[in-house]
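An overview of the molecular structure
Each chain, letter by letter, is given below.
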Protein chains: 2
Amino acid sequence: MAASAGPEIERLIALLSKLPGLGPRSARRAALALLKRREQLLQPLAEALAVASERVKTCSTCGSLDTQDPCAICDDRSRDPTLVCVVEEVGALWAMERASAFRGRYHVLGGLLSALDGVGPEALRVNSLVTRAMEEGVTEVILALPATVDGQTTAHYLAERLSNAHVSVTMLARGVPVGGELDWLDDGTIAQAMRARRPA
Amino acid sequence: MAASAGPEIERLIALLSKLPGLGPRSARRAALALLKRREQLLQPLAEALAVASERVKTCSTCGSLDTQDPCAICDDRSRDPTLVCVVEEVGALWAMERASAFRGRYHVLGGLLSALDGVGPEALRVNSLVTRAMEEGVTEVILALPATVDGQTTAHYLAERLSNAHVSVTMLARGVPVGGELDWLDDGTIAQAMRARRPA
């Protein structure tokens, strides 16, 4: 940044540039947009951040984020208590909810096992998952983990850990995504979709 | 957004998605990043926004943003008071400062003339530019406006308005940008660079 902007603006730009999706250039543009629209954008955002900082907490049951604990999903009696869907992060939970394809509860792992990054089971919410699977009348644990090496390593580890819990452990189907043109799909996806083919 | 995130998080995401460069998806990612890193990111950003909201103002001389008025540049005695560089917005001023190619003062127009968007001279800081050009012993006004239709319309209008001010009115050179490969340049730039060619 130029020294011309003053330390307060430079600090704002530096913090904005730490957000995912914003580099130094877009952080400058964002800072300018904020400073130009103070009543409509800057002050409301400052307040929303302060409110979030104060009131949003981690659900002690599932690990999701909400202003209440247990979170609105864990607290929702209309949701099926026999199903637990394991997701890597809260972002994946939100994606599942947007898809409206699941009406059970969640368990947010908080990451994936990764030998490369030195993430072991003790860094994730694995023990509480096993406890939930054993105690709560849960019948099925759905592993909605990413189709990556770390995601699959984690899924295998969890399936192993859950083998004594008397629940069925399932995972999301693999195949051609909606709107997916074969020409643009990677070979692995096509091969999986072929192996998992079903009657039309 | 999913209803699962709670109104406070949804509001934060909605505000973040209004920043230039952030769409709904990246706003969600940014909100999660903020909520995950409260001490390091969320709280400092909330404070930086509050400080900026309270302390950053518009320089009454040049129209730039700073915590002091006149701004640090207008107030800098080491800068040449005979040169005034006209820029569209504060972002362009910062870009000029990063280039370290100008040691005079600035004048931030606050936009460009645009028949399409209905922006006339009265919406821009034109009168104060003419006043500055006449009163302050200014000898040259450099029009550092974008090489777009609106930018050039504005430049012509300003040159006309400044014709009685006894200053020379100049504009940035046009040509091949540093690192620019001819193959990737538009025809207009190549034509301008050819017309403005100079001894090697």
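Quick note: structure is the one above.
These figures come from a predicted structure and were not determined experimentally. (Residues numbered from 1 in each chain as written. Chains lettered and ligands numbered in written order. Predicted model: local features only at pLDDT ≥ 70, side-chain atom pairs only at ≥ 80, totals over all residues. Heavy atoms only, no water.)

1. Topic: the relation of the copies chain B and chain A
Overlay of chain B on chain A (RMSD 0.0 Å): rotation 180°, translation along the axis 0.0 Å. One copy is carried onto the other by what is essentially a two-fold rotation axis. Relative to the rotation axis, the C-alpha of Ala46(B) is the closest in chain B, positioned 2.4 Å from it. Both copies share a contact surface, since 100% of the interface residues of chain B are interface residues in chain A too. (Least-squares fit on C-alpha atoms with pLDDT ≥ 70 in both. Contact = heavy atoms within 4.5 Å.)

2. Notes on a nonpolar patch on the surface
Among the surface-exposed residues, Val176(A), Leu182(A) and Ile190(A) lie close enough to one another that they form a single nonpolar patch of about 240 Å² accessible area. Relative to the assigned elements, Val176(A) resides in the loop between β6 (168–171) and α7 (187–195). (Patch = residues over 30% accessible without salt bridge, like charges linked within 9 Å, V, L, I, M, F, W, Y side chains within 5 Å. Areas by Shrake-Rupley, 256 points an atom, 1.4 Å probe, with all protein chains shown as cover. Salt bridge = Lys/Arg side-chain N within 4 Å of Asp/Glu carboxyl O. Helix = DSSP H or I, 4+ residues; strand = E, 2+ residues; numbered from the N terminus.)

3. Some details on the pattern of salt bridges
Evaluation of the coordinates by the stated rule reveals 8 salt bridges over all chains. One salt bridge connects Lys36(A) with Glu89(B), and the closest N-O pair in it is separated by 3.5 Å. Taken together, the residues span two chains, with Lys36(A) in helix α2 (residues 24–36) and Glu89(B) in the loop between β3 (83–87) and α4 (90–99). The class of Lys36(A) is exposed, set by a relative accessible area of 55%. (Buried < 20%, exposed > 50% of the residue type's maximum accessible area, 1.4 Å probe, protein only.)

4. Section: the nonpolar core
One finds Leu16(A), Leu49(A), Leu16(B) and Leu49(B) to be the most contacted residues of the largest nonpolar core, which totals 80 residues. In this structure, Leu49(A) is in contact with Leu12(B), Leu34(B), Leu42(B), Leu45(B), Ala46(B) and Leu49(B), ignoring residues within four places of it in sequence. (Core = buried A, V, L, I, M, F, W, Y, C linked by side-chain atoms within 4.5 Å.)

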